[in-house]
Every structure is written in structure tokens, then in C-alpha cells.
Amino acid sequence: MIHMADNDTSAQQNIRLEPGDAAPDFTLTADDGSEVSLSDYRGRRVLVYFYPRANTPGCTTQACDFRDESAQFNDAGVDVVGISPDKPEKLAKFRDDHGLDFTLLSDPSKETLAAWGAFGEKKNYGKVVQGVIRSTVLVDADGKVENAWYNVRAKGHVGRVLRDLNSGD
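Focus on the overall build of the protein chain
Item 1. Looking only at helices and strands, the protein chain features 5 helices and 11 strands.
Item 2. Projected onto its principal axes, the C-alpha positions of the protein chain cover 40 × 30 × 30 Å.
Item 3. For the protein chain, the proportion of its 169 residues judged to be buried stands at 46%.
Item 4. Of all intrachain contacts in the protein chain linking residues separated by at least 6 positions in sequence, the fraction that spans at least 24 positions is 61%.
Item 5. Carbon and sulfur atoms provide 46% of the accessible area of the protein chain, an area that totals close to 8,400 Å².

Some points on the layout of surface pockets
Item 1. As a volume, the largest pocket reaches approximately 660 Å³.
Item 2. Forming the boundary of the largest pocket are 22 residues, of which P52, K122, N124, V132 and R134 lie nearest the centre.
Item 3. Taken together, the residues that form the lining of the largest pocket break down as 9 nonpolar, 6 polar and 7 charged.

Considering the sheet that holds strand β6 (residues 78-84)
Item 1. Taken together, the 7 strands give an open sheet; going across it, the order is β4-β3-β7-β6-β5-β10-β11, and neighbouring strands pair in mixed fashion. Looking along the sheet, the strands with just one partner apiece sit at the ends: β4 (35-37) and β11 (145-149). With strand direction ignored, the average angle separating the axes of adjacent strands in the sheet is 30°.
Item 2. One ladder, built from 5 bridges, connects strand β5 (residues 45-50) with strand β10 (residues 135-139); its direction is antiparallel. Note that in β10 the partner of F50 across the bridge is S135.
Item 3. Of the strands in this sheet, β3 (27-30), β6 and β7 (103-106) touch helix α3 (residues 88-98), which is tilted by about 155° from β7.

Overview of empty space enclosed by the protein
Item 1. Under the criterion given, the structure shown has 1 cavity of 30 Å³ or more.
Item 2. Of the volumes computed, that of the largest cavity is approximately 30 Å³.
Item 3. Taken together, L38, Y41, R42, R44, V46, V139, D140, A141 and G143 make up the lining of the largest cavity.
Item 4. Considered class by class, the residues forming the lining of the largest cavity number 5 nonpolar, 1 polar and 3 charged.

Section: the pairing of β5
Item 1. With 5 of 6 residues buried, β5 is to be regarded as a mostly interior element.
Item 2. The sheet contact formed by β5 and β6 spans 6 bridges and is parallel. In the strand pairing of β6, V46 is matched with D79.

Describing the pattern of salt bridges
Item 1. One pass over the full model with this rule turns up 7 salt bridges.
Item 2. For R44, the salt bridge identified is with D79, shortest N-O distance 2.8 Å. Highlighted residues: R44 in the loop between β4 and β5 and D79 in strand β6, separated in sequence by 35 residues.
Item 3. One salt bridge in this structure joins D96 and R95, with 3.1 Å as the shortest N-O distance.

What to know about the pairing of β11
Item 1. The pairing of β10 with β11 spans 4 bridges and is antiparallel. Paired with T136 across the bridge in β11 is W149.
Item 2. Linking β10 back to β11 in an antiparallel pair, the connection comprises 5 residues, with G143 at a positive phi of about 85°.

Cut-offs applied
- Residues numbered from 1 in each chain as written.
- Predicted model: local features only at pLDDT ≥ 70, side-chain atom pairs only at ≥ 80, totals over all residues.
- Heavy atoms only, no water.
- Helix = DSSP H or I, 4+ residues; strand = E, 2+ residues; numbered from the N terminus.
- Buried < 20%, exposed > 50% of the residue type's maximum accessible area, 1.4 Å probe, protein only.
- Contact = heavy atoms within 4.5 Å.
- Areas by Shrake-Rupley, 256 points an atom, 1.4 Å probe, with all protein chains shown as cover.
- 1 Å grid on protein atoms, 1.4 Å probe; cavity = no way out; pocket = protein on both sides within 12 Å on 5 of 7 lines; lining within 4 Å.
- Points joined across faces, edges and corners; volume = space filled by probe spheres on them.
- Nonpolar A, V, L, I, M, F, W, Y, C, P; charged D, E, K, R; others polar.
- Pairing = 2+ DSSP bridges.
- Axes fitted to C-alpha atoms, helices over the stretch in contact; angles between N-to-C directions.
- Salt bridge = Lys/Arg side-chain N within 4 Å of Asp/Glu carboxyl O.

Set out below in C-alpha cells:
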């Protein structure tokens with residue numbers, strides 16, 4: 001089941017995935033040009049995080065935090081995948097510039113972003129705009145949402161995800 005955000009009072013409400021929901025499948029082009037589907041991760045937990053744009057300050061901070069904590073995610077049996085509207089070539093440069101050790105996927109149509117609740121109305125400098133909502137969703141080995149974090153800040157978010165993983169939330 002897809003839920004609407006409780007705190008969104010605008011006319012157009014944003015979708016929010018909740019624990020127990022089936023994670024929407026996708027097939028997207030990766031930073032290396034290959035096609036990657038959510039179903040490729042069946043049997044393993046995968047952390048899918050959505051970010052607005054590669055090589056911007058906040059997105060770089062967040063990606064480098066995921067990179068720096070990759071051993072902890074590996075130890076927890078969790079793969080990390082980042083998704084943005086950027087083209088695969090830009091994602092490859094982002095990966096190479098920062099030594100990222102996880103897959104980056106391109107969603108220029110923003111269909112996957114929208115299906116996962118990571119694109120829609122958000123506040124940006126006090127104005128309501130349409131855009132990528134920085135979000136992270138943990139999917140279990142069966143393809144169900146285990147946890148979801150929406151409207152997160154780039155700085156400190158990876159630590160929060162790890163705390164929640166380690167506490168079983």
C-alpha cells in the first residue's frame with residue numbers, strides 16, 4: 001500500500017512508502033552503462049537513496065558518507081544504490097571524482113523517483129517547488145520496504161540510517 005504524507009497540506013500530496021509495502025520495481029541505466037533492476041537485489045537487503053544532483057555540495061557529502069561507511073553496510077548485508085535524474089555519464093564522473101564504491105542509477109524521466117515518493121512538491125528556500133525529495137528506503141530481501149526516511153538532510157543522514165539499522169528499526 002502507498003501512503004500519503006501526513007504533514008503535506010498542499011493540494012498535491014506526495015506518495016510515501018511505508019514498512020511492509022512492496023517496493024516499486026525499476027530498471028534503470030547505471031553509471032557504467034549497464035541496466036540494473038531492483039529485482040537484481042532479491043535475496044539481499046538494499047538501501048536505495050535518492051538525491052537531486054551529482055557533484056553538488058550536499059549530494060557529494062551524502063555520497064561520500066555512504067562510501068565512508070560501506071564496510072558497516074556490507075557487514076549488515078546491505079547493498080547501497082543511489083538514484084538521481086542525472087545522465088549515466090555524469091554519474092560515472094561523480095563516481096570517479098569521489099571514489100564511490102556503490103552503484104549510481106539514472107532516472108531522467110523521474111518515474112522511479114515519483115513511484116518511490118522521492119519526487120514531488122517540496123519547500124526550497126521557503127517556496128514550494130517540484131523536485132527531488134532527498135529520501136532513503138531500505139528494502140528487505142523479499143522486496144518489501146523495511147524502513148523509509150523522507151526529506152532528510154545530506155549531512156548526518158547516513159549515521160542515522162546506520163543507527164536505525166543497528167537498533168533494528
